[in-house]
Amino acid sequence: QRSQKQNAETERMVALGYLVAGVAHEISNPLTGMKNCCLFLKKDGLSEEKRLEYLDIMEEGLERIENTVGQLLEFGRPQSLKEEEIDLGDLIRRTERLVEASLRKKMLSLHVDLKVAEKRVLYGDRQKLMQAMLNLVLNAAYYSPPKGELKIRCIEEKRGGWYWIGISVEDDGPGVPKEHQTHIKAPFFTTKPVGEGTGLGLSVTRTIAAAHGGELSFDFGKDTGLIATIWLPEHEDRSET
């Protein structure tokens, strides 16, 4: 358990590093705009209308930076296990906002299908599940070609009298060679170059899914692409009585 906890913390910090690199550009843009506004505000003869316009631009820039930094701090703050009711649609939207800048940096598009997720409530640790989703999205982004497309969608499956919810992340990368498919969830296994990955991401994601009574599965494309799915049981039994 200590080893799993340490692995999860290590991978969380790796994911945070990727996110920070991605949002550097996101923060840089509004800062540049605000600096230009400061220069214009120092000029003589500026009309009241223009002065208010530049102040509005600066306020928008500050709000944008505050929102970005706040999201990073929320994810980066160490969290003890906390179980609560979770709005699945909201969880996915939060994850989408966190990875937005990182995907834009690589010119990747993200298509999210929330039909099944809307108004669906799960019971678990919000931060841990967000980390699991981030691991899958960042891993998919790493292997996707520039201008590629990622997809997040929710599916449901009935097993006996219980419904299971699957959160799947699909990429259009090169896929996983057959000789690696049996090792993909093993701790420290990675095909990334030295220094670009710990090999813990998928292992940690599997551990988080298992802690919630779920599992991690993969659908390997015939030639390209990978679909990774976190399966979680619903909190309530919807079986017919």
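Just above, that's the structure.
What comes next is a walk through the structure. (Residues numbered from 1 in each chain as written. Predicted model: local features only at pLDDT ≥ 70, side-chain atom pairs only at ≥ 80, totals over all residues. Heavy atoms only, no water.)

### A few points about the packing of aromatic side chains
Within this structure, the stated rule accounts for 3 aromatic pairs. Here the aromatic rings of F40 and Y54 are separated by 5.2 Å at their centres, their planes lie at 10 degrees, and the arrangement is stacked. Of this pair, F40 sits in helix α1 (residues 2-41) while Y54 sits in helix α2 (residues 48-76), placing them 14 residues apart in sequence. Overall, the relative accessible area of 34% leaves F40 in the partly exposed class. (Phe/Tyr/Trp six-rings, centres within 6.5 Å; stacked < 30°, edge-to-face > 60°. Helix = DSSP H or I, 4+ residues; strand = E, 2+ residues; numbered from the N terminus. Buried < 20%, exposed > 50% of the residue type's maximum accessible area, 1.4 Å probe, protein only.)

### Let's talk about the pattern of salt bridges
Taken as a whole and judged by the stated rule, the model has 10 salt bridges. One salt bridge connects E100 with R104, and the closest N-O pair in it is separated by 3.7 Å. With E100 and R104 both in helix α3 (residues 88-105) and 4 residues apart, the pair spans about one turn of that helix. Ionic pairing is found between E156 and R120, a salt bridge with its closest N-O pair at 3.2 Å. One end of the pair, E156, is in strand β4 (residues 149-159); the other, R120, is in the loop between β2 (109-113) and β3 (121-125), and 36 residues separate them in sequence. Using a relative accessible area of 38% as the deciding quantity, one classes E156 as partly exposed. (Salt bridge = Lys/Arg side-chain N within 4 Å of Asp/Glu carboxyl O.)

### Let's talk about the packing of α3 against helix α4 (residues 126-143)
Between α3 and α4, whose axes approach to 10 Å, the crossing angle comes to 40 degrees. When the axis of α3 is compared with that of α4, the two are oblique. For α3 against α4, the interelement crossing comes out right-handed. Along the contact surface, α3 presents D90, L91, I92, R94, T95, L98, V99 and L103, while α4 presents R126, L129, M130, M133, L134, V137, L138 and A141. Partitioned by chemical class, the residues of the contact of α3 with α4 number 12 nonpolar, 1 polar and 3 charged. (Axes fitted to C-alpha atoms, helices over the stretch in contact; angles between N-to-C directions. Parallel < 35°, antiparallel > 145°, perpendicular 65-115°, else oblique. Left-handed = near helix turned anticlockwise from the far one by under 90°. Contact = heavy atoms within 4.5 Å. Nonpolar A, V, L, I, M, F, W, Y, C, P; charged D, E, K, R; others polar.)

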